[in-house]
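Architecture at a glance
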Amino acid sequence: MIKDLTEGKPQRILWQFSIPMFVSVIFQQLYNIADSVIAGKFAGENALAAVGASYPITMIFMAIAVGSNIGCSVVISQLFGAKEYAKMKTAVSTTMISSTVLSLVLTILGLCGSVLLMRLIHTPENIFAEGDLYLKIYIAGFLFLFLYNIATGIFNSLGDSKTPLYFLIGSSLGNIALDLLFVAVFHWGVAGVAWATFLAQGIACVLSLLTLKSRIQSIQSQETSKLFSFQMLTVISRIAIPSIFQQSFISIGNIFIQGLVNSCGSSVIAGYSAAVKLNTFMLTSVTTLANGVSSFTAQNIGAGKQDRVKEGFGAGIKLAWLVTVPFFLLFFFLGKAMIELFMDSQSTVALDTGRVFLKIVSPFYFVIALKLTADGVLRGAGAMRQFMICTFTDLILRVILAFILSVPLGSTGIWLSWPLGWGVGAVMSYGYYRSGCWRGAR
């Protein structure tokens, strides 16, 4: 299932590679949404708010995993494209060892600091205990989450987007089944939601690592690879650390925004939690397609075929906009019905909060899709300075505007900060792509 992305018609190759990744993220987001839907329907509005209140903190941990995924996948893609298989194997083993150590350290820090983190975002007392419990169980399973994301990134680096899809389908269906069992049948509430994710993610992680080990061993190389290399770790870190900072900075910014939302009460938190899950579904879908563009870019730059990158960008933006259309139509015109999936129709404040959020941000999905696709080229080429400038500008602007606009407009002002930040970030990212600064950035 390993695939060379440096040969064949770029649009056909990229679409064949990216569509399984998109299907994967659909299943991933479905079980994330199922957590909130089942919590809201079977455990009540406060349970939904408790899961949502801890969401931006859990996203910090996810951001570190995703950032590490990006760092290793770019380097491994370039080495695979250049057919430097011994170095590629060294990069894989070095990544797995360093990721294991990092994830264990973060797990200990997260378990010790969960209460402080929940206090920092002004979590209301009526949902604090359940929110903290959910967060602790989530962090306890961080090792599985981290290594699974790393394995997925390595599979994608080798042009194999189907194997992660199979594991994710199984994990998603298992997670939903366990959610229903633990919450609807056993009535474990928020803890049931967290334990379902813990178990499903753990099984998927173990199976994916075993498969990856077999796949890497099947690749023949003339030279002997090293189990661990500090030199290779430095190369990977050059991409991974900026990516981790970028992903983490986004999550930290979302924590500031969550703090603003939390000051509006549990009903607004519940409505925002439902809406932001749907919004994240869209953003993660397009980000995943952009990761496909990154792998395509990295392999072709590694092979010295830079002219194919422009064709890959064109194919990538077509696919991203095609995927964006149904999200826009559903969220803009049927926003209230989508929010009602998470809670009872009697939760009028929560329903209205979620509906307004989706109404404001969904028309700008085409803008953020352009930004993320251009980011994919910059990241795949190793142009991390430009990539980080665009991302940080978007985020800083969104956080500042959220605080400013929330004073006269309340929660609606917070929602307006999204499209404004996206617009500026998109102009910058696309401008960097058009300038050709990504050429020779390796």
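See the structure above.
Residues numbered from 1 in each chain as written. Predicted model: local features only at pLDDT ≥ 70, side-chain atom pairs only at ≥ 80, totals over all residues. Heavy atoms only, no water.

Things to note about the overall build of the protein chain
Stated precisely, the cut-off is as follows: Strands are runs of DSSP state E lasting at least 2 residues, helices are runs of H or I lasting at least 4, and numbering of each runs from the N terminus. Radius of gyration means the value over C-alpha atoms here, while the globule rule gives 2.2 Å times the residue count to the 0.38 power. In what follows, residue pairs with any heavy atoms lying within 4.5 Å of each other are defined as contacts. Calculation of accessible area relied on Shrake-Rupley with a 1.4 Å probe; when residues are assessed, cover is drawn exclusively from the protein chains displayed. Only four residue types enter the charge count: Lys and Arg as positive, Asp and Glu as negative, with His and the chain ends excluded. Every charge is mapped to an atom, namely NZ of Lys, CZ of Arg, CG of Asp or CD of Glu.
Helix and strand counts for the protein chain come out as 16 helices and zero strands. Taking 442 residues into account, the globule formula puts the C-alpha radius of gyration at 22 Å, and the protein chain, at 21 Å, falls close to it. When the backbone C-alpha atoms are referred to their principal axes, the protein chain occupies close to 65 × 45 × 35 Å. Sequence-distant contacts, at least 24 apart, represent 84% of the contacts inside the protein chain between residues at least 6 apart. Accessible surface, the protein chain as shown: approximately 16,800 Å² in total, 68% of it carbon and sulfur. Each charge class in the protein chain was averaged separately, 29 positive and 18 negative side chains, and the resulting centres sit 10 Å apart.

Examining the environment of K359
Tracing the sequence through the fold places K359 in helix α13 (residues 348-361). Remark: the alpha-carbon pair of K359 and L209, spanning 150 residues in sequence, is separated by 41 Å.

Topic: the packing of aromatic side chains
Here is the rule: Note on aromatic contacts: the rings of Phe and Tyr and the six-membered ring of Trp form a pair at centre separations within 6.5 Å, being stacked when their planes are under 30 degrees apart, edge-to-face when over 60 apart, and tilted otherwise. For every residue, the accessible area (1.4 Å probe, protein chains only) is compared with the maximum for its type, and the residue is labelled buried under 20%, exposed over 50%, or partly exposed between those bounds. Only when the NZ of Lys or the CZ of Arg is both within 6 Å of the ring centre and within 35 degrees of the ring normal is a charge said to sit over the ring.
In the structure shown here, the tally under the stated rule is 26 aromatic pairs. Aromatic pair F332 and F333: ring centres 5.0 Å apart, planes at 80°, arrangement edge-to-face. Exposure remark for F332: the relative accessible area of 22% places this residue in the partly exposed category. On the basis of relative accessible area, F333 is assigned to the exposed category, the value being 54%. Here the aromatic residues F281, F327, F331, Y365 and W422 are joined through ring pairs into a cluster of three or more. Of note, R119 hangs over the ring of F128, and the distance from its end group to the ring centre comes to 3.9 Å. The ring centre of F332 lies 4.2 Å from the NZ or CZ of K359, which sits over that ring.

Thoughts on helix α10 (residues 266-302)
An α-helical segment advances 3.6 residues per turn. Residues three or four places apart therefore align on the same side. Rules: Multiply 1.5 Å by the residue count of a helix minus one, and that product is the helix's expected span.
Look at α10: 50 Å from first C-alpha to last across 37 residues, which is about the 54 Å you get at 1.5 Å a residue. In terms of burial, α10 is largely enclosed, as 34 of its 37 residues are buried. Phi turns positive, to about 75°, at G304, one or two residues after α10.

What about helix α7 (residues 162-185)?
If you check α7, its first and last C-alpha atoms are 34 Å apart, about what 24 residues at 1.5 Å a residue would give, namely 34 Å. All of the buried residues in α7 are T163, P164, L165, F167, L168, S171, S172, N175, D179, F182 and V183. Among the structural elements, α1 (10-43), α6 (142-157) and α8 (190-217) are those in contact with the buried residues of α7. H187 sits one or two positions beyond α7 and adopts a positive phi of about 60°.

What about the state of the cysteines?
Test applied: Working definition: a disulfide is two cysteine sulfur atoms within 2.5 Å of each other.
Under the criterion given, the structure shown has zero disulfides. For C205, which is in no disulfide, the shortest distance to another cysteine sulfur is to C72 and amounts to 13 Å. The buried category is assigned to C205, whose relative accessible area is 2%.

Re the nonpolar core
Short version of the rule: The definition of a nonpolar core used throughout is a set of buried Ala, Val, Leu, Ile, Met, Phe, Trp, Tyr and Cys residues joined through side-chain atoms within 4.5 Å.
Formed by 138 residues in total, the largest nonpolar core has its most connected members in I154, Y365, W415, W418 and W438. At 18 residues, the largest contribution of residues to this core is made by α10. Excluding its chain neighbours within four sequence positions, the residues that come into contact with I154 are C72, I76, V92, M96, L212 and I216.

Regarding the pattern of salt bridges
We apply this condition: The salt bridge definition used is simple: a Lys or Arg side-chain nitrogen within 4 Å of an Asp or Glu carboxyl oxygen.
Within the structure shown, the criterion is met by eight salt bridges. With a closest N to O distance of 2.7 Å, K305 and E7 form a salt bridge. Of this pair, K305 sits in the loop between α10 and α11 (307-333) while E7 sits in the segment before α1; the two residues are 298 residues apart in sequence, bridging distant segments of the chain. Exposure remark for K305: the relative accessible area of 27% places this residue in the partly exposed category. One salt bridge connects E84 with K87, and the closest N-O pair in it is separated by 3.7 Å. By relative accessible area, E84 is classed as partly exposed at 30%. K87 sits in the partly exposed class, given a relative accessible area of 47%.

Considerations on the side chain of D394
Within the secondary structure, D394 sits in helix α15 (residues 384-409). Residue classification places D394 among the buried positions, given a relative accessible area of 5%. Once residues lying within four places of it in the same chain are set aside, the contact partners of D394 are K371, G421, W422 and G425.

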